[in-house]
Amino acid sequence: MKINRLKTKDYSIVIGKNSLLTLTSEIKNHCPKCKKIAVIIDKNIPKKFLTKIKKSLKKYKIFIFFVSSSEKIKNFNQTKIFINKLLKLNFNRTDLLIGIGGGIIGDMTGFVSSIYKRGINFINLPSTLLAQVDSCIGGKTGVNSKYGKNLIGSFYNPKVVISETEFLKSLPRREIICGYAEILKHAIIYDKKFFNFLKVNTNNILSLENKILIKSINTSCKIKLKFTEKDFKEKDLRMKLNFGHTFAHALEIQNRYSNKLNHGEAVLVGMFLATKISKLKNLCSEYTYNQIENLYNKNSLLKNLSKYLKKNEILKSIKFMKNDKKKEDDKVSFIFLNSIGKTTIPGNYKYKISQVESLIKNLF
């Protein structure tokens, strides 16, 4: 069994085919007093994985909570349901919660873990490419409100993250592209060499070619860790990871978190807009813009997303930026691009909503 193990300050990330087999030993190592385990799992996860997990954890008392994964259920009401179940079952802080699913499940399980008795053990098993390269790293947990995405949450690290790449084989290509969006973001904002690798290997990643896939997940995780470990509470440097996300979150809210536009697709749109604005403001060169546009076109990354790149659709979404959790005053902060691997400094480009509207009108 060949797996990769990334060590962070507070936990490990285990990546690879059959990495799920390490779960028992990880629990023994990190939760030695654990007697009860609550598994919060996306009901669409193939049954064979849950069967394997239950078999490997037969010495523990296991409780399975199935969830229909959707941004619409990522809220306080669902959080309250889980907490009441744990209280009724008399879970202790030495027991364990395991989240199995995409970023929604990971964020919500992490949030429940952080507030239940002021912190219970948490292990994250991300089952989507998006979760494996992004949301499982950095300790962010949270739920949505009617005012915006992830506005209620905490910073709380898992004991371990196990990224089983076999999970990905059950996903539609659309979900793989969704995860690829964050891989691409990491390359654009930090690593020109990795970006050049993606120019050649994007199709191999989308086709889940094992060696290329694991290398891409590994590299992507390392890049994100460089930001999150230096700035865990997102005060400065970590904000660079928001490249494209201010537009993305606004579009998601505008579309009521519907299946019409998933997070990764919104990020692809948001990064493209941020790059176009970077060129408009002469922050990046025509050559930099063309490199990104060519990669998008070569891999049809905006296929079926043209609606969200229309001026009126973007203008309708802008009002939702006023509740962005990273906003410190009446202005919205943006990360723009200087070149492949280098962004603007967080806080240097802040605009009122009316100024953002003018910016978009000038873009079209």
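Please refer to the structure placed before this passage.
Overview of the structure.

Criteria and thresholds
Residues numbered from 1 in each chain as written. Predicted model: local features only at pLDDT ≥ 70, side-chain atom pairs only at ≥ 80, totals over all residues. Heavy atoms only, no water. Helix = DSSP H or I, 4+ residues; strand = E, 2+ residues; numbered from the N terminus. Rg over C-alpha atoms; globule rule 2.2 N^0.38 Å. Buried < 20%, exposed > 50% of the residue type's maximum accessible area, 1.4 Å probe, protein only. Contact = heavy atoms within 4.5 Å. Areas by Shrake-Rupley, 256 points an atom, 1.4 Å probe, with all protein chains shown as cover. Lys, Arg positive; Asp, Glu negative; His and termini not counted. Charge placed at Lys NZ, Arg CZ, Asp CG, Glu CD. Core = buried A, V, L, I, M, F, W, Y, C linked by side-chain atoms within 4.5 Å. Phe/Tyr/Trp six-rings, centres within 6.5 Å; stacked < 30°, edge-to-face > 60°. Lys NZ or Arg CZ within 6 Å of the ring centre and 35° of its normal. Pairing = 2+ DSSP bridges. Axes fitted to C-alpha atoms, helices over the stretch in contact; angles between N-to-C directions. Parallel < 35°, antiparallel > 145°, perpendicular 65-115°, else oblique. Left-handed = near helix turned anticlockwise from the far one by under 90°. Nonpolar A, V, L, I, M, F, W, Y, C, P; charged D, E, K, R; others polar.

### Focus on the overall build of the protein
Item 1. When helices and strands are counted, the protein shows 13 helices and 13 strands.
Item 2. Computed over C-alpha atoms, the radius of gyration of the protein comes to 20 Å, within 12% of the 21 Å expected from 2.2 N^0.38 for 364 residues, which places it in the range of a compact globule.
Item 3. In terms of principal-axis extent, the alpha carbons of the protein reach across some 60 × 40 × 35 Å.
Item 4. Taken across its 364 residues, the protein has 58% of its residues classed as buried.
Item 5. Long-range contacts, defined here as pairs at least 24 residues apart, represent 75% of the contacts in the protein between residues at least 6 apart.
Item 6. Total accessible area on the protein stands at roughly 16200 Å², and carbon and sulfur atoms take up 49% of it.
Item 7. A distance of 5 Å separates the average location of the 68 positive side-chain charges in the protein from that of its 27 negative side-chain charges.

### Some remarks on helix 9 (residues 245-254)
Item 1. For helix 9, a buried count of ten out of ten residues is recorded, marking the element as mostly surrounded by other parts of the structure.
Item 2. Along helix 9, the residues classified as buried are H245, T246, F247, A248, H249, A250, L251, E252, I253 and Q254.
Item 3. At its buried positions, helix 9 is contacted by strand 8 (148-155), helix 6 (173-190), helix 10 (263-280), helix 12 (311-318), strand 10 (332-333) and helix 13 (353-363).
Item 4. After helix 9 finishes, the residue R256 shows a positive phi value of roughly 55 degrees.

### Concerning the nonpolar core
Item 1. Residues L184, L198, L268 and Y296 are the most contacted members of the largest nonpolar core, which totals 74 residues.
Item 2. Once residues within four sequence positions are removed from consideration, L268 is found in contact with I177, A181, L184, Y296, L301 and L302.
Item 3. I27, I37, L50 and I98 belong to the second largest nonpolar core, which has 23 residues in total.

### Observations regarding the packing of aromatic side chains
Item 1. Scanning the model with the defined rule gives twelve aromatic pairs in all.
Item 2. Between the aromatic rings of Y190 and F227, the centroid separation amounts to 5.5 Å while the plane-to-plane angle is 75 degrees, which identifies the pairing as edge-to-face. Here Y190 is found in helix 6, whereas its partner F227 is found in helix 8 (residues 210-228), with 37 residues between them in sequence.
Item 3. Residue classification places F227 among the buried residues on the basis of a relative accessible area of 4%.
Item 4. A ring pair is formed by F194 and F197, whose centres lie 6.0 Å apart and whose planes are at 20 degrees; its orientation type is stacked. Residue F194 and its partner F197 are both found in helix 7 (residues 192-206); the two are separated by three residues, about one turn of the helix. The same class applies to F194 and to F197, which are both buried.
Item 5. The rings of F247, F334, F336, Y349 and Y351 are connected pair by pair, giving a single aromatic cluster.
Item 6. Over the ring of F65 we find K85; its NZ or CZ atom is 4.8 Å from the centre of that ring.
Item 7. We note K279 situated over the ring of Y289; from NZ or CZ to the ring centre the distance is 4.1 Å.

### Regarding the sheet that holds strand 3 (residues 36-42)
Each strand in a sheet pairs with another by means of backbone hydrogen bonds, the pair being arranged parallel or else antiparallel.
Item 1. The mixed open sheet is built from seven strands, whose spatial order is 1-2-9-6-5-3-4. Two strands bound the open sheet, and with one partner strand each, they are strand 1 (4-7) and strand 4 (61-67). When the angles between neighbouring strand axes are averaged without regard to direction, this sheet yields 15 degrees.
Item 2. Direction of pairing for strand 5 (residues 96-101) relative to strand 6 (residues 121-126): parallel, over a ladder of six bridges. Paired with I100 across the two strands is L125, which belongs to strand 6.
Item 3. Each of strand 3, strand 4, strand 5 and strand 6 is contacted by helix 4 (residues 103-115), which is oriented at about 165 degrees to strand 5, the strand it contacts most.

### Points about the pairing of strand 1
Item 1. Looking at chain direction, strand 1 and strand 2 (residues 12-16) are connected through four bridges and run antiparallel. Bridge pairing in strand 2 places R5 opposite V14.
Item 2. Hairpin connection of strand 1 to strand 2: four residues between the antiparallel strands.

### Digging into the packing of helix 7 against helix 11 (residues 286-298)
Item 1. Contact geometry for helix 7 and helix 11: axes closest at 10 Å, N-to-C directions at 30 degrees. Between helix 7 and helix 11, the angle is such that the two are roughly parallel. For the element pair helix 7 and helix 11, the recorded crossing hand is left-handed. Along its contact with helix 7, which presents F195, N196, L198 and K199, the element helix 11 presents Q291, I292, L295 and K298.
Item 2. Its residues placed into classes, the contact of helix 7 with helix 11 shows four nonpolar, two polar and two charged.

Honestly, that's just the spatial picture; any functional story needs more than this.
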